[in-house]
Amino acid sequence: MKKIAILPFIMLLAGCQSITVLDPKSSTGKEQAYLIWFSLAIMVIVLLVVFILFTRFVIRYRYTEKKAEYIPQDVKGNLKYELTWTIVPFLLLAVLAVPTLKITFDQSPEMAAEANTNGVHINVTAEQFRWTFEHKNSKTVHNELIIPENKDIVFHLSSKDVIHSFWIPELAGKVDVIPNKELIYVIKNAEIGEYDGKCAEFCGIQHANMTFDVKVVSLDEYNQYLKQSSN
Amino acid sequence: MNLSIFGKSLFIPSDVIAAWVFTIIMGGIVLISIFKYKKLPVIWEFMRTTNHRKIGTLYILFGFIFFLRAGIDALFIRSQLAVPNNDFWVFQFQKYNEVFTTHGTMMIFFAATPMLLGLMNIAVPLQIGARDLAFPFLNAVGFWLFFTGGMLFNIAFFLNSAPAIGWTGYAPLSTSLFTPGVGSDFYVFSLQISGLGTIFTALNLIVTIVRLRAPGMKFTRMPLFTWATLITAFLILVAFTVLAIGLYLLMFDRMFGTKFFHGPDGDPVYWQHLFWIFGHPEVYILALPAFGIFSDIISTFSKKRVFGYPAMVLSIVLIGFLSFMVWVHHMFTVGLGPVTNTIFAITTMQLPYQLGLKYLIGYLQCEVV
């Protein structure tokens, strides 16, 4: 019964309730979260099978005094079992592979020359330790990103010094920002709201403070925002 | 803390001073007890030994000491991160960056790898019926190179110039343009030196397993830990050589003004390729011997032969081979393009398939006693 004393500590895990990556606010992020949940489901199946078998084996075949002199029979193999554990994992992987490959192919960041996308283009420049966002009418803002909702936002990422990584956990996964190389990353259909963005590749002493604010607004508000002078 | 030495003011963080004081006190205690219990001949013996079991013991001993140091680093990291906006001792900003860099580097290169090498040193000759490794002196050289690298890396902290570039040392942050201090040089040289030792030991193990098996100990009868060691040794041979190349290029970038990893002609992504072609097999360098240990222990205690021995050996070989084909999954965010990313997603999914098969076969062994 002493083991029940552990239970309150398990409740502490409730502190992990707000994992923003698993509750994304854009269709790009939703596809990624879907992959996480989907693979998690498949893995839980495998995990359960393994744990149940493991527990059963450990309990049932454990060493006891009675078995001290027992020498088990020599088993050469079992075709049925062997086929099962070769084919079933393969099927599971095949099921997992289809959406993974599709989304990987769609969403991978691209070199600038190969990309051909319509949408709202924004130049993102990272440097130690600050973000600069340049909108299409050359309006330039530091550490604050304002984008319209329900649009394809095309980010042109480049770095002035070391490698940084552009990450808005609530909207989509991270993409590295590399010097002398422009990468294109598209985030689709963001929902209205205020989010946090950060640098996700260790870049030097102030890396932890290299953050920016993201505001997703309606298209009208965005157009109005563009007209304001950048001061 | 500001110290004034020879009329000059010198800033030294209090954790470094604490480490000096601790080292002097502990050093004194250790020294006294060595003389008191007359252990000097034992140390002298271990310093000159070429015996595989003694060298293995040394590997595990120093692996464990470095493990403690890296573990203390981890405690500092957790203390600093315990609550938001925390100011724990000195571990903010650069100090924090140094602590997580040394933690990662020590755990991988100076704790996990040497402990497994130590076990291989001890167990492999016993398992295959060899008197010692094929080149006992080279074995000692390999250990002392690892020891030197590990000490060099630790001394960096005592001189208040620990590296702060992450354990992956990503260029261009690790080039002299952005980290001109000696910290990153300590990283480059200590890894280079201990990596050389690891390569020597791997060569030694390969030759031992191929040439020194006792009569009747065929490849098809070898214990699985020895099989895992053989494959691991091949992985080390390739992976650490690639790391050595990467570190040489980085050294040239840092000291001789070349531009492999930055500037208009160089590319920081080259470093990532070299590092992860080493880094991913490194995962299996650590994992394969552990699988071998499981197999041998489980089959021994269930009084049965290894179930599906040929399949087990085949999967060790395949895992070793596939581990060289998946390094790009550490670089999906780098923008190598959709085709590359997709291909490496497929190869990466292949790998756990092999692993899973191996595990399942392993579990079935339990069905015995």
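Residues numbered from 1 in each chain as written. Chains lettered and ligands numbered in written order. Predicted model: local features only at pLDDT ≥ 70, side-chain atom pairs only at ≥ 80, totals over all residues. Heavy atoms only, no water.

Engineer: Got a minute to help me understand the overall build of chain B in this structure?
Structural biologist: Of the regular secondary structure elements, chain B holds 10 helices and two strands. For chain B, the sequential pattern of α-helices and β-strands runs β-β-α-α-α-α-α-α-α-α-α-α. Its C-alpha atoms give chain B a radius of gyration of 23 Å, near enough to 21 Å, the size a compact globule of 369 residues would have. Over its C-alpha atoms, taken along the principal directions, chain B stretches across nearly 75 × 65 × 45 Å. Counting the 369 residues in chain B, one finds 52% classified as buried. The long-range fraction of contacts in chain B, counting pairs at least 24 apart against all pairs at least 6 apart in sequence, stands at 77%. (Helix = DSSP H or I, 4+ residues; strand = E, 2+ residues; numbered from the N terminus. Rg over C-alpha atoms; globule rule 2.2 N^0.38 Å. Buried < 20%, exposed > 50% of the residue type's maximum accessible area, 1.4 Å probe, protein only. Contact = heavy atoms within 4.5 Å.)

Engineer: Where do I start with the interface of chain B and chain A in this structure?
Structural biologist: Interfaces are often described in size by the accessible area the parts lose on coming together. Residue-level contacts link 45 residues of chain B with 51 residues of chain A. Across the chain B/chain A interface, buried area totals approximately 4,100 Å², and carbon plus sulfur atoms make up 71% of it. Counting across the interface, chain B meets chain A through zero salt bridges. Across the contact surface, chain B and chain A share one residue pair in polar contact (both at pLDDT 80 or more). Top contributing element to the side of chain B that touches chain A by residue count: helix H10 (residues 338-364) of chain B, with 13 residues. Across the side of chain B that touches chain A, the residue classes break down as 29 nonpolar, 11 polar and five charged. (Buried area = accessible area lost by both parts, 1.4 Å probe. Salt bridge = Lys/Arg side-chain N within 4 Å of Asp/Glu carboxyl O. Polar contact = N/O pair within 3.5 Å; in protein donor to acceptor, adjacent residues only side chain to side chain. Nonpolar A, V, L, I, M, F, W, Y, C, P; charged D, E, K, R; others polar.)

Engineer: What am I meant to see in the domain arrangement of chain A here?
Structural biologist: All names here are of chain A. Taken domain by domain, chain A holds domain 1 (20-66 + 76-107) and domain 2 (111-227). In this structure, domain 1 and domain 2 have C-alpha centres spaced 35 Å apart. Summed over the shared surface of domain 1 and domain 2, the result is one salt bridge. Seen at the junction of domain 1 and domain 2, the total is 10 residue pairs in polar contact (both at pLDDT 80 or more). If one sorts the elements of the side of domain 1 that touches domain 2 by residue count, helix H2 (residues 27-60) sits on top with five residues. Looking at side-chain class alone, the side of domain 1 that touches domain 2 contains two nonpolar, seven polar and two charged residues. (Domains from an automatic or database assignment.)

Engineer: What is the right way to read H2(A) from this model?
Structural biologist: The α-helix advances 3.6 residues per turn, and as a result positions three or four apart in sequence lie on the same side. Taking 1.5 Å per residue, 34 residues should reach 50 Å; H2(A) reaches 49 Å between its end C-alpha atoms and fits that length. Listed as buried for H2(A) are A:Thr28, A:Gly29, A:Gln32, A:Ala33, A:Leu35, A:Ser39, A:Ile42, A:Val50 and A:Phe57. (Expected span 1.5 Å × (residues − 1).)

Engineer: Teacher, can you tell me more about the environment of B:Lys8 here?
Structural biologist: Residue and element names in this part refer to chain B. Tracing the sequence through the fold places Lys8 in strand S2 (residues 8-11). Exposure remark for Lys8: the relative accessible area of 63% places this residue in the exposed category. Residues Lys8 and Ile316, 308 residues apart in the sequence, show an inter-C-alpha distance of 59 Å.

Engineer: Before we go on, may I ask you to explain the pairing of strand S3 (residues 130-134) of chain A in this structure?
Structural biologist: Remember that side chains alternate between the two faces of the sheet whenever the strand is regular. Residue and element names in this part refer to chain A. Judged from the five bridges that link them, strand S2 (residues 120-127) and S3 form a sheet pairing that is antiparallel. Across the sheet, the residue bridging to Glu127 is Arg130, located in S3. Hairpin connection, S2 to S3: the antiparallel pair is bridged by two residues. Examined bridge by bridge, S3 and strand S4 (residues 140-142) share three bridges and lie antiparallel to one another. Residue Glu134 lies in a different strand from S4, and its bridge partner there is Thr140. Where S3 hands over to S4, the hairpin turn is made up of five residues, of which Ser138 adopts a positive phi near 65°. (Pairing = 2+ DSSP bridges.)

Engineer: Please explain the sheet that holds strand S10 (residues 193-199) of chain A as it appears in this structure.
Structural biologist: Hydrogen bonding along the main chain pairs the strands of a sheet, whether they run parallel or antiparallel. Residues and elements named next belong to chain A. Reading across the sheet, the five strands line up as S5-S11-S10-S7-S8 and stay open at both edges, with mixed pairing between neighbours. Two strands bound the open sheet, and with one partner strand each, they are strand S5 (144-148) and strand S8 (172-177). Looking at each pair of strands side by side, their axes are set apart by 20° on average, direction ignored. Sheet analysis places strand S7 (residues 164-168) next to S8, joined by four bridges and oriented antiparallel. When the sheet's bridge partners are listed, Ser165 is paired in S8 with Asp176. Strands S5 and strand S11 (211-217) of the sheet are contacted by helix H4 (residues 219-227), whose axis makes an angle of about 135° with S5. (Axes fitted to C-alpha atoms, helices over the stretch in contact; angles between N-to-C directions.)

Engineer: Explain the packing of helix H4 (residues 93-128) of chain B against helix H8 (residues 268-301) of chain B to me, please; I cannot follow it from the model alone.
Structural biologist: Axes are the key here: two packed helices are described by the angle between their axes and the distance separating the axes. All names here are of chain B. Interaxial distance between H4 and H8 falls to 11 Å at its minimum, and their mutual angle equals 40°. On the basis of the axis angle, H4 is oblique to H8. Helix-helix and strand crossings are classified by hand; for H4 and H8 the assignment is left-handed. For the pair H4 and H8, contact is made by Ile108, Phe109, Ala112, Thr113, Leu116, Leu119, Met120 and Gln127 and by Phe278, Glu282, Ile285, Leu286, Pro289, Ile293 and Asp296, respectively. Within the contact of H4 with H8, the residues separate by chemical class into 11 nonpolar, two polar and two charged. (Parallel < 35°, antiparallel > 145°, perpendicular 65-115°, else oblique. Left-handed = near helix turned anticlockwise from the far one by under 90°.)

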